[in-house]
Amino acid sequence: MMMAGDEKLQGAGVRGAAIAAEIPSTAETPRRSLEPRDKLARRTALQPAGKLFSPTSSFVWMIGLLGVGASIAPWIARGWSWFELIAATVALLAAYDALALWLVREEYAPVLLTPEKGLRGGEGQTMQIPLALTGSGRRRLRGEVGVVIMPATAESETAFRVKGDPQWLKLEQSKPATTGSAASRSAHINLWPWTPQIDLLRRGLWPGPRVGIEQCSRIGIWRLRQWFDSPERLRIDPDLRSGRREILRSPVYRALVASLQTPWTGHGRDFERLREYQPGDTYSEIAWKSTARRSAPVTRLFQWEQKQEVYFVLDQSRSSAVLLEASAASESGLPGERAPRRVLDLTTETALVGATVALELGDEFGLVTYADEPKCWLRAGSGQSHFHQFRDRLLNIEPLPTTADYEALFSEIRLRLRRRAYLLLLADLTERSVSDSLRRGVGQLRSSHAILMTSILPAHARPAFSPGEDLHTDQDVYAALAGEKENQRLGALARQLRQLDVQLRYVPGKTFLRTAIEGYLESKREQRL
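**Student:** Could you give an account of the environment of P231, with specific residues and numbers?
**Tutor:** With respect to the helices, strands and loops of the structure, P231 is situated in the loop between strand 15 (222-229) and strand 16 (234-237). C-alpha of P231 to C-alpha of P207: the two residues are 24 residues apart in sequence and 7.8 Å apart in space. Beyond its immediate sequence surroundings of up to four residues, P231 is in contact with T44, A45, L46 and Q47.

Here it is, written out as structure tokens:
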């Protein structure tokens, strides 16, 4: 049964003058004030979502005993009179017990002690939800109240998992203040905090956990269960710690970011000045028009571009929903767990780690997502605020039930991006249906941008009779030959794109992140733009 908002709770939250708190325990503990904690956290009243009034197992036993008594009553003198008296007494007792429980149905309500940053955690971590049970203190408290949290929607069940069993909070009335008016004593509020824990499994912005409380009647015949929804949403950010640790092992990253200074190869694109020809200068560096005017060889000097643009192009078509292998799904070594990882989750993590690297190098980074057409655009920028926008765009990205169209993607990129930039395309490019579209689309951009493609290499696409491969049956031999054929097809596609000055690498899932970001760093070091 649904009910309206809890006006009584909101009024009590505003009027509350004295706050008493007790950590649930079987032994008495000194009550402590929560005023310092309230300065850091605000109380958020939860919204009522449902109510269930039902009998307990004691009521079933009572009905069973009355049935036994009804079967014995005919064999006893005045048995029916005694049975009617007992049944009436039991009925009155059950009715009184139900009425007493119903009158205190709004006596308790949960609140969320929201911290300043809100309900926010990282994927694969364990998070504590700061909750508390409030009581107006107008009635004498006794017994215990059961509390539990649960996912609010079916989609939330894949986002987090509740740890532990339901808890029982022991309610004890705090002593009212000896001084003060009657109005201040009537506004006294009790607060019983508890902090359940949840495992964060999947990135995204999800509804907050649903809180359930259970009250039993004084005699124990009835119970009242109520559910409350949190207006605060649960934000689960992608966990970048394992990706950052992986890229820190890269020598290319250390050469560009750390203190080790190494000379860059190639030359930049920003014109600096002209000078006289010196032995060792190549023909491509000679300014032929200036040489003709001066009748002496003249060389152009360029400076390396320290600030370039890089766009992370992510596929969110149906191929991005493919699950990764268990061995490559998670190698973070963290205590928490994650939901089964998809290709889109891996490319999202790669893009976020790559954005942090571009931020350190001083480059401007942007975002493009696509399926049958481009879906999301974020112009290249720099700074922490731009990184937050970048991360927010990838927070709720999900696969779409469409096929990628690379002709439409690269045509739109050509129209929108006029300045030459690095395009890091992160996708699963193993489908035969996308090969022709990919080749035609690349032809539109090969002279305008530096394109770097990184794709997941499927486990079955490997050279036949590789070391460590055991073939015992005819089916194993046929599977090995099919993998060899698929490996040759993917290698041919990579060679065709290499002729168009486009890098395409097929790598296993466990090295996908490092390979993609190292490709960007090597291209920047060689000044491919």
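**Student:** I'd like a rundown of the pairing of strand 14 (residues 210-216), residues and numbers included.
**Tutor:** The element strand 14 is largely enclosed, with a buried count of five among its seven residues. Pairing between strand 8 (residues 144-150) and strand 14: six bridges, direction antiparallel. Looking at the pairing, M150 lines up with R210 of strand 14. Inspection of the sheet shows strand 14 paired to strand 15 by six bridges, in the antiparallel sense. Each residue of the ladder has a partner; that of Q215, found in strand 15, is L224. The turn joining strand 14 and strand 15, which pair antiparallel and follow one another in sequence, is formed by five residues; a positive phi near 95° is taken by G220.

**Student:** Describe in detail the side chain of T454, supporting the description with residues and values.
**Tutor:** Secondary-structure assignment places T454 in strand 23 (residues 450-456). Overall, T454 belongs to the buried group, its relative accessible area being 6%. When neighbours within four sequence positions are excluded, T454 is seen to be in contact with L425, L426, A427, R505, V507, F512 and A516.

**Student:** How would you sum up the confidence of the model for the chain? Please name residues and give values.
**Tutor:** Averaged over all residues, the pLDDT of the chain is 80; the fraction at 70 or higher stands at 80%. Per-residue pLDDT stays below 50 along residues 175-187; that stretch engages in eight contacts with residues further than four places along the chain or on separate chains. Within the model, the stretch residues 259-265 combines pLDDT values under 50 with 16 contacts to residues more than four positions away or in other chains.

About the cut-offs
- Residues numbered from 1 in each chain as written.
- Predicted model: local features only at pLDDT ≥ 70, side-chain atom pairs only at ≥ 80, totals over all residues.
- Heavy atoms only, no water.
- Helix = DSSP H or I, 4+ residues; strand = E, 2+ residues; numbered from the N terminus.
- Contact = heavy atoms within 4.5 Å.
- Buried < 20%, exposed > 50% of the residue type's maximum accessible area, 1.4 Å probe, protein only.
- Pairing = 2+ DSSP bridges.
- pLDDT = per-residue confidence, 0-100.

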